[in-house]
Amino acid sequence: MASVIQDRLTTDQDLLQMQEGMLMRKVRSKSWKKLRYFRLQKDGMTVWHARQAGGNEKPSFSISDVEMVRKGHDSELLRSLAEEFPLEQGFTVVFHGRRSNLDLVANSVEEAQTWMQGLQLLVDLVTSMDQQEWLDQWLKDWFQRGDKNQDGRMSFTEIQRLLHLMNMEMDHEYAFHLFQAADISQTGTLEREEFVHFYKSLTKRKEIRKLFENFSADGKKLTLLEFVDFLQGEQKEKDYAPGCALEFINRCEPSDSGKLRHVLSMDGFLSYLCSKDGDIFNPVCLPVYQDMTQPLSHYFINSSHNTYLVGDQLCGQSSVEGYIRALKRGCRCVEVDVWDGPNGEPIVYHGHTLTSRIPFKDVVTAVAQYAFQTSDYPLILSLENHCSWEQQQTLAQHLTEILGEQLLSAPLEGLLPTQLPSPEQLRGKILLKGKKLETCEPDVEEEDKEEEPECDLEPLQGTQVESEPELQEQEPFLRIKGKKKKLKPILCPALSALVSLKSVPFHSFSHSKEHYRFYETSSFSESKARNLIKEAVAMNMQTAGLEMDICDGFFRQNGVCGYVLKPDFLRDAQTFFHPERPISPYKAQILTIQVISGQQLPKVNNTKEKSIVDPLVKVEVFGIPADTARQETSYVENNGFNPYWGQTLSFRVLVPELAMLRFVVKDYDWKSRNDFIGQFTLPWTCMQQDCPFASFQVTATYTCSPGMAPASIQLPSLCTSPSGKSQRLNPEVGTSGRMGAGLDSKKNLKNCSREQMEVVKNSRLGTARHKITLPFLTNKSRTFTFFSLPFSFHKPFSIFRALRLCALCWNSSFPLL
């Protein structure tokens, strides 16, 4: 595929023009619009920019970081500048991860089309690259970085500089020995093919070579029968090995002669280890494999808090991009805080803060477009309604007109249900959650009297109370007697009629069980949530961190559909389970992890060429209090290129159904807190069972470090060995909840001085993504099973970061504790 890219670079007219470069306007906001000269590099993989043609160029982005290219009409920012720039001349580059979009405006429609078509062509080609093609491209990128004078050769001095760039410190004599061995032409420099030989000598893995030789008669290749023995003996592929072996060889063997002879070389064996054909993540758990016909309350739901925010909670930006990103990553419950806006149009923002405002209509339009692109299971729109009567009518109008048949506004099949419908029944439907006037059962409204303190309601001055409908027409608010400053909004019947899930206060589980109906939901206070909810959370998805790592890892299973079925003991109302006192007649699971080695770890500080990481690996288990534990290896000094640990860690878990396993790689620092390098998280129950030797591969992406061409390579890195048998435990009631790594801004904002507010306003939430593939291995009876998952990289973002926990529960699903 790399050769295909090179061919296209010399024949495709769009790519030829992009290589010549074009002057375009880079747009960050309504006030920040600057001309920049963008040019596609000759490698076809990176785009650089300069202030003007011929100026000092800097890397802008890598093609491998680009997810898609959107038209100007689909850009929220460019639409706001439509009077200044024609939308046909604009386009948006959308990146993977949390990197902000890049909005560009060309000088003509033709130039915009050239870049849109050219970029999308390159994205499609890069996406279809296989393992060997990525490796070839990665080596090519490193060679270009190391060849400082760009003469097509690398001297030993350039090799020494490259080793530091690669995050490696090597003995001078040993490095020179490898250099001389690779210098086949005896010219004192390395050409590209010789550099490949030098690289392979750097990345030799004794443990993998030994494994290969254990099954190879001549130590040079694996025959078809030898490979079958490996699959059956190490991978435990008892029934499928004969049929899979030939397929794996055809897919992984790089040489045509090897494919014809049905043999696997050492390079092909490495390619197999880095492929998806042997995941530690049970392949059964990747597609939708769970029963999707249970009531909604029987599932953990991937949920988002303050979805509209793409920045901090106090002064950050509100954007429809927050909804697009959440929906594309499988989120099935998004939040909309809606307030009265100008010109009769409701707006969405974090109330009583300095966050920016966006029209409610734009939010609904984005939801309608992206709701079911990743998952076709139901989407819950959680509406926090702060609008007046008139603008509530506008809300109802936008919801019905834009969402149309997607919006569930009546019982399925016209029948009154007795329990919540299932995700399967609600495919392609959007459910509105919020306050509601009318109910399915007439006696339910009596509970509203118990939920609020008893008080008399008096009309606002200048109104008369003759009947409730007439009062609602005249005045959208009532004032509570004795509390003149507080207004109680009255719901508009048109909006109330669209609500499928009614929001009600939470008092206690016993109160919920006795008084609330199946379609009523509650949000816990933060204090109650911290004590009661630990199984499922709804996140501030714009914020990278531990919480999002666990959330992303948990919801990767079941086809990333956003719904994960709770364990039996969280669904059966007749069972009892307490997370702090689990019943123990059942055997625990033991996990033994052998952390062996790593390769190609990214630098923490890319600004210092000679800085090299001192990596260590921390393994964490998150679950019930008795299961939560963490252990770590010692650090390896000055080696992020191929560190070796060779240490064994062990964990005992009582409730594997609720456990998450997280691997964290950090840069040891004796002076301060260890720096974060990367992480990988998966559910305990999604690991392959009865396969003590297993491996997995983690992928991550660089966002354009200055002077650095993004690259990707996949090699064995970190080994774990799970052992133990599954067991059932006594069940307990389950809940689902909301957690966000945000700040309770409404309370804290009132206590901020002007100087503090300036600090808040100037603070920025920052996240970073890096592009590198870090495979992890596991050791014992299953060897080198790989899979590819996001490997996320974080930066500290603000001194104002705080944990916010708001739990959302389905009241009807809780037996008493």
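This text follows the structure it describes.
Residues numbered from 1 in each chain as written. Predicted model: local features only at pLDDT ≥ 70, side-chain atom pairs only at ≥ 80, totals over all residues. Heavy atoms only, no water.

Chemist: If you had to explain helix α13 (residues 266-273) to someone new, which residues and values would you point to?
Modeler: Of all the eight residues making up α13, six are buried; the element is thus mostly covered by neighbouring parts of the structure. For α13, the complete set of buried residues consists of Met266, Gly268, Phe269, Ser271, Tyr272 and Leu273. Lining the buried residues of α13 we find α5 (131-146), α9 (206-215), β8 (221-222), α10 (224-233), α11 (241-252) and β9 (264-265). (Buried < 20%, exposed > 50% of the residue type's maximum accessible area, 1.4 Å probe, protein only. Helix = DSSP H or I, 4+ residues; strand = E, 2+ residues; numbered from the N terminus. Contact = heavy atoms within 4.5 Å.)

Chemist: Kindly report on the environment of Val364, identifying the contributing residues and their values.
Modeler: Structurally, the position occupied by Val364 is in helix α15 (residues 360-370). A sequence separation of 44 residues divides Val364 from Val320, and the C-alpha atoms of the two residues are 9.0 Å apart. Setting aside residues no more than four positions away along its own chain, Val364 makes contact with His398, Leu399, Ile402 and Leu403.

Chemist: Tell me about the pairing of strand β6 (residues 90-95), and please be specific about residues and values.
Modeler: Within β6, six of the six residues are buried, which leaves the element mostly enclosed by the surrounding structure. Side chains Gly90, Thr92 and Val94 of β6 all project onto a buried face; the interleaved residues Phe91, Val93 and Phe95 project onto the opposite face, where all are buried too. Where strand β5 (residues 66-71) and β6 come together, five bridges link them in antiparallel fashion. Bridge pairing links Met68 to Val94 in β6. Sheet topology note: the β6/strand β7 (residues 102-105) ladder contains four bridges and is antiparallel. Within the sheet, the bridge partner assigned to Val93 lies in β7 and is Leu102. Between the end of β6 and the start of β7, which pair antiparallel, lie six residues, with Gly97 showing a positive phi angle near 75°. (Pairing = 2+ DSSP bridges.)

Chemist: I'd like a description of the packing of aromatic side chains, backed by residues and values.
Modeler: Summed over the entire model, instances satisfying the criterion amount to 22 aromatic pairs. With a centroid separation of 5.5 Å and an interplanar angle of 70°, the aromatic rings of Phe300 and Phe554 are classed as edge-to-face. Within this pair, whereas Phe300 is found in strand β10 (residues 299-301), its partner Phe554 is found in helix α22 (residues 546-554), the two being separated by 254 residues in sequence. Neither Phe300 nor Phe554 differs from the other in exposure class; each is buried. (Phe/Tyr/Trp six-rings, centres within 6.5 Å; stacked < 30°, edge-to-face > 60°.)

Chemist: Please provide a residue-by-residue account of the nonpolar core, values included.
Modeler: With 55 residues, the main nonpolar core has Phe360, Leu399 and Leu432 as its most contacted residues. Mapped onto this core, the elements with two or more residues apiece are α14 (320-328), β12 (333-339), α15, β15 (379-385), α16 (389-403), β16 (430-434) and α22. Those residues in contact with Leu432 that lie beyond four places of it in its chain are Leu381, Leu383, Leu399, Leu407, Leu495, Leu498, Val499, Ser500 and Leu501. Core analysis: the next-biggest nonpolar cluster, separate from the first, contains 31 residues, Leu9, Leu119, Leu121 and Leu125 among them. (Core = buried A, V, L, I, M, F, W, Y, C linked by side-chain atoms within 4.5 Å.)

Chemist: Summarise the pattern of salt bridges; cite the residues concerned and give the values.
Modeler: Enumeration over the complete set of coordinates arrives at 16 salt bridges. Across the salt bridge formed by Glu84 and Lys33, the nearest N and O atoms sit 3.1 Å from each other. Of the two residues, Glu84 sits in the loop between α3 (76-80) and β6 while Lys33 sits in strand β2 (residues 33-40), which places them 51 residues apart along the sequence. We classify Lys33 as partly exposed; its relative accessible area is 21%. (Salt bridge = Lys/Arg side-chain N within 4 Å of Asp/Glu carboxyl O.)

Chemist: Tell me about the sheet that holds β7, residues and numbers included.
Modeler: The sheet built from seven strands is open, its strands ordered β4-β3-β2-β1-β7-β6-β5 with antiparallel pairing. The open sheet terminates on both sides in strands that have one partner only, identified here as β4 (58-62) and β5. Pairs of neighbouring strands in the sheet enclose a mean axial angle of 35°, with direction left out of account. The sheet contact formed by strand β1 (residues 22-27) and β7 spans three bridges and is antiparallel. For Arg25, the partnering residue across the bridge sits in β7 and is Val105. Contacts from helix α2 (residues 13-20) reach β1 and β2, with the element oriented near 120° to β2. Those strands touched by helix α4 (residues 109-127) are β1, β2, β3 (46-50), β4, β5 and β6, and its axis lies near 155° from that of β5. (Axes fitted to C-alpha atoms, helices over the stretch in contact; angles between N-to-C directions.)

Chemist: Which residues make up a positive patch on the surface, and what are the values?
Modeler: Residues Arg28, Lys34, Arg51 and Lys58 make up a contiguous surface patch of positive charge. Position of Arg51 among the secondary structure elements: in the loop between β3 and β4. Its relative accessible area of 64% is what places Arg51 among the exposed residues. (Patch = residues over 30% accessible without salt bridge, like charges linked within 9 Å, V, L, I, M, F, W, Y side chains within 5 Å. Areas by Shrake-Rupley, 256 points an atom, 1.4 Å probe, with all protein chains shown as cover. Lys, Arg positive; Asp, Glu negative; His and termini not counted. Charge placed at Lys NZ, Arg CZ, Asp CG, Glu CD.)

Chemist: Go over the environment of Glu390 with me, naming the residues and quoting the values.
Modeler: Looking at the element boundaries, Glu390 is found in helix α16. Take Glu390: its relative accessible area is 45%, and that puts it in the partly exposed class.

Chemist: Give me the lowdown on the packing of α5 against helix α6 (residues 156-165), citing residues and values where you can.
Modeler: Two elements in contact, α5 and α6, have axes whose closest approach is 9 Å; the angle formed by their N-to-C orientations is 120°. What the angle tells us is that α5 and α6 run oblique. Once α5 is placed against α6, the crossing between them reads as right-handed. In contact with Trp142, Arg145 and Gly146 of α5, α6 contributes Glu158, Arg161, Leu162 and Leu165. In terms of residue class, the contact of α5 with α6 is built from three nonpolar, one polar and three charged. (Parallel < 35°, antiparallel > 145°, perpendicular 65-115°, else oblique. Left-handed = near helix turned anticlockwise from the far one by under 90°. Nonpolar A, V, L, I, M, F, W, Y, C, P; charged D, E, K, R; others polar.)

Chemist: Tell me about the sheet that holds strand β29 (residues 675-683), and please be specific about residues and values.
Modeler: On the basis of which strands lie adjacent, the open sheet formed by four strands has the order β26-β25-β28-β29 and antiparallel pairing. Edge positions in the sheet fall to β26 (629-632) and β29, since each of these pairs with one other strand and no more. If you compare each strand with its neighbour and ignore which way they point, the axes differ by 15° on average. Both strand β25 (residues 615-622) and β26 contribute to a ladder of four bridges, which runs antiparallel. Its bridge partner being in β26, Val621 is matched across the sheet by Ala629. Against the sheet, α22 engages β25, β28 (660-667) and β29, with an angle of about 30° to β29.

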